[in-house]
Structures are given as structure tokens and as C-alpha cells.
Amino acid sequence: MQSEKLSIVGELAAGVAHEIRNPLTTIKGFLQLYKSGNSQINALLLSELERIENITTEMLSLGKPQAIQMDTAKLTDIIENTVELLSPRQI
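So, how was this worked out
Residues numbered from 1 in each chain as written. Predicted model: local features only at pLDDT ≥ 70, side-chain atom pairs only at ≥ 80, totals over all residues. Heavy atoms only, no water. Patch = residues over 30% accessible without salt bridge, like charges linked within 9 Å, V, L, I, M, F, W, Y side chains within 5 Å. Areas by Shrake-Rupley, 256 points an atom, 1.4 Å probe, with all protein chains shown as cover. Salt bridge = Lys/Arg side-chain N within 4 Å of Asp/Glu carboxyl O. Helix = DSSP H or I, 4+ residues; strand = E, 2+ residues; numbered from the N terminus. Buried < 20%, exposed > 50% of the residue type's maximum accessible area, 1.4 Å probe, protein only. Contact = heavy atoms within 4.5 Å.

Visitor: I would appreciate a short explanation of a nonpolar patch on the surface in the present structure.
Guide: A cluster of nonpolar side chains, namely Leu 12, Val 16, Ile 20 and Ile 52, defines an oily patch on the protein surface of about 320 Å² accessible area. It is helix α1 (residues 2-34) that provides the largest number of residues to the nonpolar patch, a total of three residues. Residue position: Leu 12 is located in helix α1.

See the structure below:
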């Protein structure tokens, strides 16, 4: 039952990611063509678009069936990686 729920959540995440990625690609392409003007703002916009693109890619990976593989890890490493992932990016 738990496996089925996770599978459904993965499929939902993949669907949402596809719907986000399509217009995101268009916006990113036009921004790259537009590059004249304030380059600092353009750099910030492109950076944030790439961040959204990375998030959608991660969501798409949830929709793919994956074999469960258990491994040992240090709790401090997991916490540090999680904090880094959730921290706002600095430009």
C-alpha cells in the first residue's frame, strides 16, 4: 500500500514538473535571446530559471521507478547536505 502511494506521488510530481518545464523552456530561450539591457538582472533571472529547472528535474526523477538500495551514512553528512540543499543560493 505504501509503495503504491509513493508511486502515485511520483507520477503526480512528474506530471507537475512537465507542466512547469514546458513554459520555463520558452521563457529561458527568450531571455537568452534578449540579453541586452541590464546584464545583472538577466543573470539573476537566468540563474533562478536554472534553479527551477533543477527542481523540476528532481521532481521528474521521483516519477521513475527506482530500486531501493539501503546504505549506511553519517547523520551529520545527511544534515549538512540537507541544509545546503534548502539554503537560498547566493549570487
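Visitor: What is the right way to read the environment of Leu 49 from this model?
Guide: Here Leu 49 shows up in helix α2 (residues 39-62). The exposure class assigned to Leu 49 is buried, which follows from its relative accessible area of 10%. Along the primary structure Leu 49 and Leu 24 are separated by 25 residues, whereas in three dimensions their C-alpha atoms are 7.2 Å apart. Filtering out sequence-adjacent residues up to four positions away, Leu 49 remains in contact with Leu 24, Ile 27, Lys 28 and Leu 31.

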